[in-house]
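Commentary on secondary and tertiary structure
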Amino acid sequence: MPDCVIQTRELSREYQLGSEHIHALRDVSFAIRRNEYVVIMGPSGSGKSTLLNVIGCLDSPTGGEYWLNGQEVSRMGDLALARVRNREIGFVFQTFNLLPRATALHNVELPLVYGGHSARERRLRATEALARVGLADRMDHRPNELSGGQRQRVAIARALVSRPSILLADEPTGNLDSATSQEIMQVFHRLHADGQTIVLVTHELDIAAHAQRVVTLRDGRIASDERTRSAA
Amino acid sequence: MRLLEAIRMALRMLWAQKLKSFFSLIGVLIGVTFLIAVWSIVAGMNHYMEDRIANRIFGANAFQLRQRPSFSTGNITREEWLSWRRRPRVSVADAQYVAPRIETPVRTAMYCVDRVSISFGGKTARDIDLIGTEPEYFNIRDYAIASGRAFTVQEMRAARPVLVIGDLLAERLFEGVDPLGKRVNVGGIQYRVVGIVEKQGTMFGLSMDKFAIMPYTSQARRLICPINVLDELLVKADNPTSMLVAMNEVEALMRGRRRLKPDQENNFHLQTAEGALEGWNRVSRYLSLGLPLLVGISLVVGGIVIMNIMLMSVTERTREIGIRKALGAKRSDILGQFLVEAATVSTVGAALGIVLGLALAFVVRELSPLPAVVAPISIALGVTLGVLVGIVAGVYPAYRAARLDPIVALGME
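Residues numbered from 1 in each chain as written. Chains lettered and ligands numbered in written order. Predicted model: local features only at pLDDT ≥ 70, side-chain atom pairs only at ≥ 80, totals over all residues.

Assigned secondary structure in chain B consists of 13 helices and 12 strands. Expressed along its principal axes, the backbone C-alpha trace of chain B runs to roughly 105 × 60 × 40 Å. Counting over 413 residues, chain B shows a buried share of 40%. A separation threshold of at least 6 residues defines the contact pool for chain B, and within that pool the share at least 24 residues apart is 84%. (Helix = DSSP H or I, 4+ residues; strand = E, 2+ residues; numbered from the N terminus. Buried ≥ 20, exposed ≤ 12 C-beta atoms within 10 Å, placed from the backbone. Contact = placed C-beta atoms within 7 Å.)

To continue, consider the interface of chain A and chain B. Across the contact, 18 residues belong to chain A and 14 residues belong to chain B. Contributing elements (two or more residues each) for the side of chain A that touches chain B: α1 (48-55), α2 (78-87) and α3 (104-114) of chain A. In terms of residue class, the side of chain A that touches chain B is made up of 8 nonpolar, 5 polar and 5 charged. (Nonpolar A, V, L, I, M, F, W, Y, C, P; charged D, E, K, R; others polar.)

A few words now on the nonpolar core. For soluble globular proteins, the rule of thumb is that nonpolar side chains tend to be buried together. If you look at the biggest cluster of nonpolar residues, it comprises 118 residues, and the most contacted ones within it are A:I40, A:A157, A:L168 and A:V199. Ranked by residue count, the leading element in this core is helix α2 (residues 18-58) of chain B, at 14 residues. When residues no more than four places from it in sequence are discounted, the contact partners of A:I40 are A:K48, A:L51, A:L52, A:V199, A:V201, A:V215 and A:L217. (Core = buried A, V, L, I, M, F, W, Y, C linked by C-beta atoms within 7 Å.)

Residues apart from glycine generally show negative phi values, whereas peptide bonds are mostly found in trans. Residue and element names in this part refer to chain A. The backbone phi angle of N35 is positive, close to 60 degrees, even though this residue is not glycine. Here N35 is to be found in the loop between β2 (20-33) and β3 (37-41). Accessibility expressed as a C-beta count within 10 Å gives 15 for N35, which makes it partly exposed.

Residues and elements named next belong to chain A. Taken together, 6 strands build an open sheet; the order of strands is β6-β7-β8-β3-β9-β10 and the sheet is mixed. Either end of the sheet is taken by a strand with one partner, and the two such strands are β6 (89-92) and β10 (221-227). Strand after strand, the sheet turns through a mean of 15 degrees between neighbouring axes, direction not considered. Alignment of β3 against strand β9 (residues 213-218), held across 4 bridges, turns out to be parallel. (Pairing = 2+ DSSP bridges. Axes fitted to C-alpha atoms, helices over the stretch in contact; angles between N-to-C directions.)

What follows is about the packing of α3(A) against helix α4 (residues 119-132) of chain A. Residue and element names in this part refer to chain A. Contact geometry for α3 and α4: axes closest at 9 Å, N-to-C directions at 120 degrees. Compared by their axis directions, α3 and α4 come out oblique. When the axes of α3 and α4 are compared, the crossing they make is right-handed. In this structure, α3 contributes A104, L105, V108, E109, L112 and V113 to the contact, and α4 contributes R122, R123, R125, A126, A129 and L130. (Parallel < 35°, antiparallel > 145°, perpendicular 65-115°, else oblique. Left-handed = near helix turned anticlockwise from the far one by under 90°.)

This next bit is on the environment of B:R183. Of note, B:R183 is situated in strand β6 (residues 183-186). Contact partners of B:R183, with chain neighbours within four places excluded, come to B:Q190, B:Y191 and B:R192.

Further remarks concern the sheet that holds strand β1 (residues 4-17) of chain A. Residue and element names in this part refer to chain A. Taken together, 4 strands build an open sheet; the order of strands is β2-β1-β4-β5 and the sheet is antiparallel. If you trace the sheet from one side to the other, it starts and ends with β2 and β5 (71-72), each paired once. Strand direction decides the pairing type here: β1 and strand β4 (residues 63-68), joined by 5 bridges, are antiparallel. Opposite T8, over in β4, you have Y66 as the bridge partner.

The next subject is the pairing of β4(A). Residue and element names in this part refer to chain A. Examined bridge by bridge, β4 and β5 share 2 bridges and lie antiparallel to one another. Bridging from a neighbouring strand, L68 pairs with Q71 of β5. Here β4 folds back onto β5, and the loop between the two strands holds 2 residues, one of which, N69, carries a positive phi near 50 degrees.

Structure below.
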């Protein structure tokens with residue numbers, strides 16, 4: 001499948017928690033095409049966050065294969081994984097995970113610092129990314145001077161700034177009120193319309209309604225994989 | 001560019017946590033302060049000792065033919081001391097035999113000294129060094145005449161009672177009166193003041209101007225030396241090499257004159273500034289051995305403190321490390337960040353230590369007669385040690401930070 005951004009084959013992730021052996025993922029095989037908008041759902045403990053972390057190269061699978069843009073990520077070493085995280089993946093967290101002491105601009109510049117871009121290019125691209133999420137006028141604010149919604153938009157700008165193949169979001173509205181959640185979902189919607197591939201983990205049904213495709217996990221396995229009506 | 005940025009980031013971090021930063025750099029600060037201050041003071045002492053002893057007391061490239069050393073260097077046994085005292089004294093005849101036979105171009109002066117009282121118009125100055133010598137003495141000691149003149153060879157041959165006095169004596173006896181031409185009483189003998197030597201200043205707080213110089217032939221010599229006997233013959237060459245040649249010549253001449261057999265030791269002593277400096281050199285050597293130990297201990301302690309605080313910092317900033325890793329920071333990026341931070345803390349400590357050390361040296365110079373001399377290399381060494389201690393202390397914490405698993409660091413497990 002030439003158009004696939006992500007492809008997994010019998011992906012599994014096991015933990016040893018004390019004497020207990022936990023299968024967080026069991027033989028997960030699926031593919032995500034370019035410009036798809038996928039939501040992963042499931043009750044807590046179903047493995048949806050683990051799956052997202054593995055796709056985001058924050059966690060490594062203990063079995064199976066994971067291909068990202070034709071490269072087998074599951075065989076990569078630490079250095080190559082860092083490069084993939086930097087260039088191919090944009091990650092948005094539930095708790096924003098911004099550096100508290102840095103300005104919005106500096107937070108957004110950070111992935112470009114590790115990408116080895118020049119200071120001028122960093123500034124240019126970070127400014128542009130902040131403008132895309134509607135925060136052009138908040139660049140010099142620190143996270144504690146921003147509202148929750150604004151913080152999450154800074155985090156989205158940071159995830160976008162390195163022009164990743166895929167944008168991953170782990171419960172991005174989990175810490176926000178419903179009005180702000182709608183705002184954030186609009187941002188994702190717009191990005192998808194611009195051609196961005198998005199994978200979003202949530203347990204809220206109304207959030208899932210934004211997506212083209214909903215994958216449901218249960219006990220580390222794919223329970224269902226449905227195409228919904230195309231988002232209008 | 002990346003490095004500058006990392007340093008700027010580290011400095012911002014340091015500034016944000018001033019108290020913690022201060023505690024983390026205090027060990028290095030103390031170590032480097034010691035290094036700079038002690039080094040500057042020892043270097044100053046060296047300079048001072050060489051300048052004052054070698055050049056002022058002896059004259060540069062000068063040595064003395066004596067019965068026995070006038071400076072005791074190290075431990076001398078009673079036997080040694082007694083054997084020195086049994087030696088024949090250097091006589092006027094010895095000096096008159098040796099001086100014209102030295103082939104190396106040198107200046108020589110016979111020399112006798114002792115403490116006497118000198119009085120003028122009801123005032124008496126006690127404990128004045130009365131020196132009996134030849135006119136060449138003024139050249140050997142580099143004495144400039146402030147007013148009047150030195151005595152002449154003719155006056156010496158004629159044993160004239162003429163006196164050239166030091167600045168302190170001029171001040172004490174003649175308050176406001178011009179001493180030139182005045183007659184002073186030296187042990188009951190009338191002497192005429194013909195010149196005043198330029199002020200020499202002090203050494204270790206003692207005046208170097210408490211002296212009077214007369215022809216060694218003149219009458220008051222019986223106050224300071226037995227007849228026909230000298231304290232020493234001063235010999236001054238043009239450069240250190242010819243001084244050594246001249247010393248060999250004098251040794252050979254004296255051994256020949258005193259008919260010493262090859263297996264017999266010299267029964268005279270050739271004293272150089274180096275010999276006199278030996279005691280100081282030993283002290284200075286101990287200091288330069290002790291200094292690295294002192295500085296080393298402070299730096300090791302400083303390094304351990306920095307390491308602990310960095311380990312704390314890594315724990316506190318686990319989440320930050322996780323974020324950076326999630327955004328694509330390589331292990332080497334994180335390692336570099338924490339190494340630069342440790343090195344920056346330590347270097348700032350070293351820089352403050354240099355400032356403090358210089359201030360301390362400056363205070364010592366102002367409050368004591370010791371001149372502190374700042375050695376540029378000590379500053380370079382201070383900075384280098386600062387950077388080095390930081391890097392060494394930072395390695396382990398930085399390694400711990402770099403090895404953190406992003407998932408664990410972000411607390412997403």
